[in-house]
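One-letter residues, chain by chain:
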Amino acid sequence: MKMILTIAAKELRGLFGAPLAWVVLAVLQLIFGYIFLVALDRFLEMQPQLAQYPDPPGATEIIVAPVFGAAATILLLVVPLLSMRLIAEERRNQTLTFLLSAPVSLLQIVLGKFLGLVIFLLAACGLIVVMAGSLYAGGHVDLGLVAANLAGLVLLSGTFAAVGLYLSTLTAQPVVAAISAFAVLLVLWIINMGTSDPASPLHLISLMRHYESFAKGTLHTGDLAYFLLAIGLFLALSVRRLDRDRLAT
Amino acid sequence: MPLNTILNTASEPTLTASGLSRDYGARRAVRDVSLTLARGEVLGLLGPNGAGKSTTMQMLTGNLAPSTGEIRICGIDLLEQPTAAKARIGYLPETPPLYRDFTVDEYLTVAAKLHRVPRADVAAAVVRTRNRCGLVDMGDRLIGTLSKGYQQRVGIAQAIVHEPDVVILDEPTAGLDPNQIREIRALIRELAASHSVLLSTHILPEVETVCDRVQILNEGRVVYSDTITALREHRRGQALTVAFRRPPATDALSALPGVTTVETLADNRFRLFHGIGDEPAEVLVKLSVERDWGLVELIPVETSLEEVFVHLTQREEAPAQP
């Protein structure tokens, strides 16, 4: 575990040592903030009408949920940019040997790199939570809904990170890793769009489908299992791929 | 660890590899290479580019799985217990694996932690290694801003920060200027006092100044393996260059005891080849005086290390042609 944390810390140091991470966080905050303000504005306009309903949707549903929804789509674009460097860049700079020669297992390397990226993404998710918290100043916040949304977004970005990490192990070109990770994620995101049959197995593998229930504030074990399985699968594939380097013929 | 293993560690070789082979597809890059390394010894791995030096080193450090063969580091099987064995190795690959946007101290700290230096000792280990590698004032510098020579030192520093039993350096002096080369060589000699060092190079004088023992690889095979002293013996002359004011007939020279062939050079010079230990110098001087040849030059020819190297690495080329 200590080794995993050491590697995660090294990854974070690498991320924050370069401008990319800061630019990403700044741009994310700008976008989230804009969406948040637009939603807040709309809520204030709608408030008189909403008051006439017997059980009106609250501020959290109208203001915070859209920000989380937008964040999911934006992270789909952003995570490949961050995950591309994990292995591919180390390969290109020939620094991977540093980790491979150290007395750590491939699993520890993969978990450390994954954890490093997830911690960074948690910071990005944290930005939204802080904004949601600011609503406390003027009213009630549905903490359960925020928590469900947050859990969904964290699991989703973890899945993005695992997919990105795996695609990063396949190449020595970070850009190739980023583009292919983006392609895979996009396909997984919208794969169920093509079917009108609600029983279609495509719904089972669609990322968006499993994320939706979190956004509504419900927590299904099936969705939870889906994300955890996806993360486990891609991390296992990454370990396998790195091991093949050692055996390469 | 069983008791007898503990008792044996002092005399046991730090690294043994036997029957190492590595295939890349149909091509066999390394075939049946065996080597052992004793404590306090510097072993030079010499060979032309593409001879399999780097591949061998990658196998010895667990970066590449051998197709056949066995590797033990201080008695621990590298293939069965990779992490335990790797903890005892320090490795500097051909391209130093440096994170350019880390400072020297940050980088060495990560290296020390990853190599299981106890947390409490990390800071001290980093400072000690930095001083040892001549990086005293470089702790806060970004690695990317350092010159090539200093980057190479950082590369060596990360290989020794955890005081490994075996230090493996792949071409540690490549691309450095002569002063830097001298400093790095002195550092390697110093390392040998407490570690076993295996280094690869294709610079021949380096082997003579730094190594105790040498193995020459060619086309993936060990073609020569002996001590440096023996290599020097190997080079000792088997020929004399002589010059006369009044040169005798070639027949008279080839008739000298021990002389096998006579080669006529320009300016009344001759090269006399003779068997090992059959040096005809004494007889030649006596005869020259008796017959008034006017001997003005008598130089034993030393085969250069280059010639030995070329001889060893090209010998097998002829039958290799289909």
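Structural notes, computed from the coordinates. Computed from a predicted structure; not experimentally measured.

How each quantity is defined
Residues numbered from 1 in each chain as written. Chains lettered and ligands numbered in written order. Predicted model: local features only at pLDDT ≥ 70, side-chain atom pairs only at ≥ 80, totals over all residues. Heavy atoms only, no water. Helix = DSSP H or I, 4+ residues; strand = E, 2+ residues; numbered from the N terminus. Rg over C-alpha atoms; globule rule 2.2 N^0.38 Å. Buried < 20%, exposed > 50% of the residue type's maximum accessible area, 1.4 Å probe, protein only. Contact = heavy atoms within 4.5 Å. Areas by Shrake-Rupley, 256 points an atom, 1.4 Å probe, with all protein chains shown as cover. 1 Å grid on protein atoms, 1.4 Å probe; cavity = no way out; pocket = protein on both sides within 12 Å on 5 of 7 lines; lining within 4 Å. Points joined across faces, edges and corners; volume = space filled by probe spheres on them. Nonpolar A, V, L, I, M, F, W, Y, C, P; charged D, E, K, R; others polar. Pairing = 2+ DSSP bridges. Axes fitted to C-alpha atoms, helices over the stretch in contact; angles between N-to-C directions. Patch = residues over 30% accessible without salt bridge, like charges linked within 9 Å, V, L, I, M, F, W, Y side chains within 5 Å. Salt bridge = Lys/Arg side-chain N within 4 Å of Asp/Glu carboxyl O. Buried area = accessible area lost by both parts, 1.4 Å probe. Polar contact = N/O pair within 3.5 Å; in protein donor to acceptor, adjacent residues only side chain to side chain. Expected span 1.5 Å × (residues − 1). Parallel < 35°, antiparallel > 145°, perpendicular 65-115°, else oblique. Left-handed = near helix turned anticlockwise from the far one by under 90°.

Scanning chain B for helices and strands turns up 13 helices and 14 strands. By the compact-globule yardstick of 20 Å for 322 residues, chain B is too spread out, its C-alpha radius of gyration being 25 Å. Principal-axis analysis of the C-alpha atoms places the extent of chain B at approximately 80 × 45 × 45 Å. The buried share of chain B, taken over its 322 residues, is 48%. Relative to all contacts within chain B whose residues are 6 or more apart in sequence, the contacts with residues 24 or more apart total 68%. Summing over all exposed atoms, chain B offers an accessible surface of approximately 14800 Å²; the carbon and sulfur share of this is 50%.

Residue and element names in this part refer to chain B. Its location among the elements puts aspartate 140 in the loop between helix H5 (122-132) and helix H6 (148-160). Taking the C-alpha atoms as reference points, aspartate 140 and valine 104, 36 residues apart in sequence, are found 6.2 Å from one another. If sequence neighbours within four positions are ignored, aspartate 140 has contacts with Thr103 and Asp105.

For the largest pocket, the calculated volume is near 470 Å³. Forming the walls of the largest pocket are 24 residues, and the residues nearest its centre are A:Asn93, A:Thr95, B:Leu98, B:Tyr99 and B:Arg100. Taken as a whole, the second largest pocket spans an internal volume of roughly 390 Å³. Along the walls of the second largest pocket sit 18 residues, with A:Gln94, A:Thr97, A:Leu100, B:Gln58 and B:Asn63 positioned nearest its centre. Secondary-structure elements contributing two or more residues to the lining of the second largest pocket are helix H4 (85-92), helix H5 (96-101) and helix H11 (221-247) of chain A together with helix H2 (53-60) of chain B. When residues of the lining of the second largest pocket are assigned to their parent elements, the largest contribution, three residues, is made by H5(A). Among the residues making up the lining of the second largest pocket, the classes are represented as five nonpolar, seven polar and six charged.

Adjacent strands of a sheet form backbone hydrogen bonds with each other and so pair up, either parallel or antiparallel. Residues and elements named next belong to chain B. Judged by pairing direction, the sheet is antiparallel, and its four strands sit side by side in the order E2-E1-E4-E5 without closing on themselves. A strand with exactly one partner marks an edge of an open sheet, and here the two such strands are strand E2 (27-37) and strand E5 (76-77). Where H2 meets the sheet, it contacts strand E1 (15-24), E2 and strand E4 (68-73), and its direction lies at approximately 120° from that of E1.

A few words on a nonpolar patch on the surface. Taken together, the side chains of A:Val23, A:Val27, A:Leu30 and A:Ile31 make up a nonpolar region of the molecular surface, amounting to roughly 340 Å² of accessible area. For A:Val23, the location among the structural elements is in helix H2 (residues 19-50).

Next up on the list: empty space enclosed by the protein. For the coordinates displayed, the defined rule picks out one cavity of 30 Å³ or more. Size it by volume and the largest cavity reaches roughly 70 Å³. Lining of the largest cavity is provided by A:Thr97, A:Phe98, A:Ser101, B:Ile89, B:Gly90, B:Tyr91, B:Pro93, B:Pro97, B:His115, B:Gln158, B:Ala159 and B:His162. Taken together, the elements giving at least two residues each to the lining of the largest cavity come down to H5 of chain A together with strand E6 (89-92) and H6 of chain B. In terms of residue class, the lining of the largest cavity is made up of six nonpolar, six polar and no charged.

Now for the interface of chain A and chain B. In this complex, chain A contributes 25 residues to the contact, which on the side of chain B involves 32 residues. Each partner contributes to the roughly 2500 Å² buried at the junction of chain A and chain B, and carbon and sulfur atoms together form 62% of this total. Applying the counting criterion to the chain A and chain B interface returns one salt bridge. In this structure, the salt-bridge partner of B:Glu106 is A:Arg13, at a minimum N-O distance of 2.7 Å. The interface formed by chain A and chain B contains 11 residue pairs in polar contact (both at pLDDT 80 or more). At the level of secondary structure, the elements contributing two or more residues to the side of chain A that touches chain B comprise helix H1 (2-17), H5 and H11 of chain A. Element by element, the count of residues in the side of chain A that touches chain B is highest for H1(A), at seven residues.

With 16 residues, H1(A) should cover 22 Å at 1.5 Å per step; its first-to-last C-alpha distance of 22 Å lies within 8% of that length. Those residues of H1(A) that sit buried are A:Met3, A:Ile4, A:Thr6, A:Ile7, A:Ala8, A:Lys10, A:Glu11, A:Leu12, A:Gly14 and A:Leu15. For H1(A), the elements touching its buried residues are H2, helix H3 (59-83), H4, H5 and helix H6 (106-134) of chain A together with helix H4 (104-114) of chain B.

We now examine the packing of H2(A) against H3(A). All names here are of chain A. Where H2 contacts H3, the two axes come as close as 8 Å, and the packing angle between them is 160°. One element, H2, and the other, H3, form an angle in the roughly antiparallel class. Note on packing geometry: the crossing formed by H2 with H3 is right-handed. Contacts between H2 and H3 pair Leu20, Val24, Leu28, Ile31, Phe32, Ile35, Phe36, Ala39, Leu40, Phe43, Met46 and Leu50 from the former with Ala59, Ile62, Ile63, Pro66, Val67, Ala70, Ala71, Ile74, Leu75, Val78, Leu81 and Leu82 from the latter.

That is the geometry; function is a separate question.
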